[in-house]
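# Structure assessment
Single-letter residue listing:
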Amino acid sequence: MSTELADIEHVPETWTRDHLLDLESLTKEEITLILDTAVSFKHATDGCRRKVATLSGCTCANLFFENSTRTRASFSLAARRLGADTLEFSASGSSLSKGETFIDTARNIQAMNVDAMTVRHQTPGTPHLLAQQLECSVINAGDGPHEHPTQGLLDILTIREHREEIAGLTVALVGDIAHSRTARSNIWGLMKLGARVIVCGPSTLVSPQWQELGVEVAHDLDAILPRCDVLNLLRIQFERQFTRPFPSVREYALLYAMNRDRMSRAKDDILIMAPGPINRGVEITPDVADGPQSVILDQVTNGLAVRMAVLWLLCGKRK
Ligand code: CP
């Protein structure tokens, strides 16, 4: 098994990052350290149920300019599990409506002695801009369709828990690849750890250019299904689309939804994943989403562990 328990008393000297902005720029060793640290926190806290006071005295802020259930709640809970204070900011109801700029807003939040700022924004590169402007650590919680690094990490941790080794696995990302920040973070992380990645969906949502990242491009789910060890079913992001990329949701589901019939033609031990939220009946049928091969809720639990690890590595280094 590749997992080694990491030190959660002292941040290792090999961790030199001030921010977590993407998985594209992380090394295999840095990704592995975050995953091992997450496992250590799971061990030390009875599966993230108990507190450890590792970040006592720190303050972690959440700035969300897009809606979120899982990411926001788990970053907040992760900080509190580590003994840190949390500060919650939502664009709605804030003084942005009075003309305050985004950067001024972030600087004012930072002035409340914030150590780490987690940001979700619809514009790609926003966390990178904040990292240049602020002194606290910045964590990307999703920047438009660009990256969602902690989602990639929690997906990989979930696969590693069930398959131990990432190297040699075939992982298919199925669905709205064009608009998916989860796809990009999964691609960078999985490929660095040695997995073969297939991106699959309608040609309007999966262009041939994805091959330039080193992934296989496919449009026929039934053709690739027998080769897949893991399927990560990505949501159709209607809110980011200007034109409808397929004639009807029914037609999409017919060609790409993971359903009972497709399960019967997949590997017996295939892992069914989805970053959430899921559109039941569109990307996945309820019997598969709630079935024995589904690890969708394991992903959510691992999100808490990964976010504890990231906050600890960044804020612990500052301490
Ligand atoms: N997977 C994910 O990012 O979910 P939320 O949008 O609910 O945070």
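Each value, and the rule that gives it
- Residues numbered from 1 in each chain as written.
- Predicted model: local features only at pLDDT ≥ 70, side-chain atom pairs only at ≥ 80, totals over all residues.
- Heavy atoms only, no water.
- Helix = DSSP H or I, 4+ residues; strand = E, 2+ residues; numbered from the N terminus.
- Rg over C-alpha atoms; globule rule 2.2 N^0.38 Å.
- Contact = heavy atoms within 4.5 Å.
- Areas by Shrake-Rupley, 256 points an atom, 1.4 Å probe, with all protein chains shown as cover.
- Salt bridge = Lys/Arg side-chain N within 4 Å of Asp/Glu carboxyl O.
- Buried < 20%, exposed > 50% of the residue type's maximum accessible area, 1.4 Å probe, protein only.
- Axes fitted to C-alpha atoms, helices over the stretch in contact; angles between N-to-C directions.
- Parallel < 35°, antiparallel > 145°, perpendicular 65-115°, else oblique.
- Left-handed = near helix turned anticlockwise from the far one by under 90°.
- Nonpolar A, V, L, I, M, F, W, Y, C, P; charged D, E, K, R; others polar.
- Domains from an automatic or database assignment.
- Buried area = accessible area lost by both parts, 1.4 Å probe.
- Phe/Tyr/Trp six-rings, centres within 6.5 Å; stacked < 30°, edge-to-face > 60°.
- Polar contact = N/O pair within 3.5 Å; in protein donor to acceptor, adjacent residues only side chain to side chain.
- Near = heavy atom within 4 Å.

We now examine the overall build of the protein chain. Check the secondary structure of the protein chain and you find 11 helices and 9 strands. Taken against the 2.2 N^0.38 rule, which gives 20 Å for 319 residues, the C-alpha radius of gyration of the protein chain at 19 Å falls within 12% of a compact globule. Sequence separation of 24 or more characterises 74% of the internal contacts of the protein chain that already satisfy a separation of 6 or more. Here the protein chain has roughly 13,500 Å² of accessible surface; of this, 49% comes from carbon and sulfur atoms.

Turning to the pattern of salt bridges, a few remarks are in order. Counted by the stated rule, this structure contains 17 salt bridges. With its nearest N and O atoms 2.6 Å apart, the salt bridge here joins D18 to K317. Taken together, the residues D18 in the segment before helix 1 (28-44) and K317 in helix 11 (residues 296-318) connect sequence positions 299 residues apart. Taking the relative accessible area as the measure of exposure, D18 reaches 39% and is therefore partly exposed. Given the relative accessible area of 34%, K317 is considered partly exposed. For K42, the salt bridge identified is with E161, shortest N-O distance 2.7 Å. Here the residue K42 occupies a position in helix 1, and E161 occupies one in helix 5 (residues 149-163), the gap between them amounting to 119 residues. In this structure K42 comes out as buried when scored by relative accessible area, which is 18%. By relative accessible area, which is 35% here, E161 ends up partly exposed. Taken together, the salt bridges that share partners define one network made up of D222, D261, R262 and R265.

We now examine the packing of helix 5 against helix 6 (residues 181-192). Interhelical geometry of helix 5 versus helix 6 gives an angle of 55 degrees and a closest axis separation of 8 Å. Our classification of the angle between helix 5 and helix 6 gives oblique. Where helix 5 crosses over helix 6, the handedness of that crossing is right-handed. Contacts between helix 5 and helix 6 involve P149, Q151, G152, D155, I156 and I159 from the former and T182, S185, N186, G189 and L190 from the latter. Split by residue class, the contact of helix 5 with helix 6 holds 4 nonpolar, 6 polar and 1 charged.

This paragraph deals with the domain arrangement of the protein chain. Interface extent is often summarised as the accessible area lost during association of the parts. With domains assigned, the protein chain is organised as domain 1 (3-147 + 300-318) and domain 2 (149-296). Taking only C-alpha atoms, the centre of domain 1 and the centre of domain 2 are 26 Å apart. Between domain 1 and domain 2, the residue contacts involve 35 residues of the former and 26 residues of the latter. Counting the surface lost from both domain 1 and domain 2, the interface buries some 2,500 Å², and carbon and sulfur atoms represent 60% of this.

Counting across every chain of the model gives 5 aromatic pairs. Judged by centre distance (5.1 Å) and plane angle (70 degrees), the ring pair of F65 and F102 falls under edge-to-face. Residue F65 is found in the loop between strand 1 (59-64) and helix 2 (70-81), and its partner F102 is found in helix 3 (residues 102-110); the two are separated by 37 residues along the sequence. Each member of the pair, F65 together with F102, is buried. Three or more aromatic residues joined by ring pairs form one cluster here, namely F65, F89 and F102.

Right, let's talk about the side chain of D229 for a bit. Note on placement: D229 falls in the loop between helix 7 (221-224) and strand 8 (230-234). We classify D229 as buried; its relative accessible area is 13%. Within the structure, the side chain of D229 is placed 2.9 Å from the side chain of K267, a separation counted as a polar contact. Setting aside its immediate chain neighbours within four residues, D229 contacts R163, G168, L169, T170, K267, D269, I270 and L271.

To continue, consider the site of the ligand. Around the ligand, a shell composed of S68, T69, R70, T71, R120, H148, Q151, P275 and G276 is seen. Between the ligand and R120 there is a distance of 2.9 Å, counted from an oxygen atom to a side-chain nitrogen or oxygen. Protein chains bury 90% of the 250 Å² of accessible surface belonging to the ligand in isolation. When grouped by side-chain class, the residues that make up the shell around the ligand number 1 nonpolar, 6 polar and 2 charged.

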